[in-house]
Amino acid sequence: MLIQETHKDVPTKADEKEGSMRIFLFHPQIPNYPQARFPGVVLFSEIYQVTGPVARFARQIAGQGYIVAAPSSYHEFTGPEPLAYDVPGTDAGNEWKIKKTLAGYDEDATLSIGILLSLKTCNGRIGATGMCLGGHLAYRCALDPRVSAAVTYFATDLHSATLGLGKRDDSLARAGEIKAELAMIHGTLDNHVPPEGRDLIRKTLRDKGVIFSWYEVAGAQHAFIRDELSKGRYDPAITKICFEILLELFGRTLKLDLGPHDGVAQKIEDIC
């Protein structure tokens, strides 16, 4: 499927501060079908904003028939250009991650969803995904009832509740509000989200009745889907499998018209 790439600069006003955020749009195109409609996906980046790997991920998703909106998360502090995968870029990204407020993060998600729903070519169904910081933001985006599904890759700071200004977020505490279906992906060797942190996330989701799938990939490290400057952690074979997880969930929840849930609990027979 062909892809058209554009961007929109939208006004922001979180925390009573006026500003502007660039949202990069990746739109599937089918020649001779100008009225074709597609689901929308908000893609949240890691701490480096919309880098080459993030843009390539967006194109992969768009090429499967989804309109992708990728916000520039650090618009309060810098322009929409990506940060470099080096020490200064990492330091800046980590600094801004905890200087930005939760209200700012939530406004970014709301504006990105709004941009997608404003398009005549959007079918009205919205998903979210992201990696690292963006994994946490995709999870948090799923608190919005307009989001039907979210796929998170190694979501950082979710287990420790340390996202944003003051390092005291309520993301995991609000898990019971999530109506979307989640797919949570981690690597067993991810030292940013240690085993006890992953256990806490999984147990909380189960206790709160969230519908979710849980994947811990043996031997995978943090940032294993980043295909550039991953410091030796990129695993293309596992990345491919995880993308199929995303396509299955989004295909079932965003592309199909399932209609409303009938409210009937599924009865599982005790059979072999």
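Refer to the structure above for everything that follows.
Residues numbered from 1 in each chain as written. Predicted model: local features only at pLDDT ≥ 70, side-chain atom pairs only at ≥ 80, totals over all residues. Heavy atoms only, no water.

Bringing the side chain of histidine 222 into the picture now. You can see histidine 222 is positioned in the loop between β8 (212-217) and α6 (236-255). Taking the relative accessible area as the measure of exposure, histidine 222 reaches 4% and is therefore buried. A polar side-chain atom of histidine 222 sits 3.0 Å from a polar atom in the side chain of aspartate 190. Setting aside anything within four residues of it in sequence, one finds histidine 222 in contact with Cys132, Phe154, Thr156, Asp190, His192 and Arg233. (Helix = DSSP H or I, 4+ residues; strand = E, 2+ residues; numbered from the N terminus. Buried < 20%, exposed > 50% of the residue type's maximum accessible area, 1.4 Å probe, protein only. Polar contact = N/O pair within 3.5 Å; in protein donor to acceptor, adjacent residues only side chain to side chain. Contact = heavy atoms within 4.5 Å.)

Here we come to the layout of surface pockets. Quantified by volume, the largest pocket comes out at close to 430 Å³. Of all the secondary-structure elements, those providing two or more residues to the lining of the largest pocket are β6 (147-153) and α6. Among the residues making up the lining of the largest pocket, the classes are represented as 7 nonpolar, 4 polar and 4 charged. (1 Å grid on protein atoms, 1.4 Å probe; cavity = no way out; pocket = protein on both sides within 12 Å on 5 of 7 lines; lining within 4 Å. Points joined across faces, edges and corners; volume = space filled by probe spheres on them. Nonpolar A, V, L, I, M, F, W, Y, C, P; charged D, E, K, R; others polar.)

Below, the discussion takes up the packing of aromatic side chains. Taken as a whole and assessed by the stated rule, the structure comprises 10 aromatic pairs. Ring geometry for phenylalanine 77 and tryptophan 96: centres 5.7 Å apart, planes at 10°, overall stacked. Of this pair, phenylalanine 77 sits in the loop between β4 (67-71) and α2 (87-97) while tryptophan 96 sits in helix α2, and the two are 19 residues apart along the sequence. Overall, the relative accessible area of 15% leaves tryptophan 96 in the buried class. One aromatic cluster is present, built from ring pairs that chain together Phe57, Tyr153, Phe154, Phe224 and Phe243. For lysine 100, the ring lying beneath its charged end belongs to tyrosine 105, and the centroid distance is 5.3 Å. (Phe/Tyr/Trp six-rings, centres within 6.5 Å; stacked < 30°, edge-to-face > 60°. Lys NZ or Arg CZ within 6 Å of the ring centre and 35° of its normal.)

Before going further, it helps to examine the pattern of salt bridges. Pairing of side chains with opposite charge becomes possible as their charged atoms draw close. For the coordinates displayed, the defined rule picks out 20 salt bridges. Across the pair arginine 226 and glutamate 46 runs a salt bridge whose closest N-O atoms are separated by 3.4 Å. One end of the pair, arginine 226, is in the loop between β8 and α6; the other, glutamate 46, is in the loop between β3 (38-44) and α1 (52-62), and 180 residues separate them in sequence. Classification of glutamate 46 as buried rests on a relative accessible area of 4%. (Salt bridge = Lys/Arg side-chain N within 4 Å of Asp/Glu carboxyl O.)

With that out of the way, let us pick up unusual backbone geometry. Unlike most non-glycine residues, aspartate 15 shows phi in positive territory, near 55°. With respect to the helices and strands, aspartate 15 occurs in the loop between β1 (2-12) and β2 (19-29). On the accessibility criterion, aspartate 15 (40% relative accessible area) is partly exposed. Not every positive phi belongs to a glycine, and alanine 161 is a case in point at roughly 55°.

With 13 residues, helix α5 (residues 195-207) extends 18 Å from end C-alpha to end C-alpha; this agrees with the ideal 18 Å at 1.5 Å per step. Within α5 the residues assigned to the buried category are Gly197, Arg198, Ile201, Thr204 and Leu205. Looking straight down α5, one finds that the buried residues subtend no more than 130° of arc, so they occupy a single side. Residues of α5 that are exposed and point more than 90 degrees away from the buried face comprise Glu196, Arg206 and Asp207. Structurally, α5 contributes buried residues whose contacts are with α4 (133-141), β7 (181-187) and β8. (Expected span 1.5 Å × (residues − 1). Arc of directions from axis to C-beta.)

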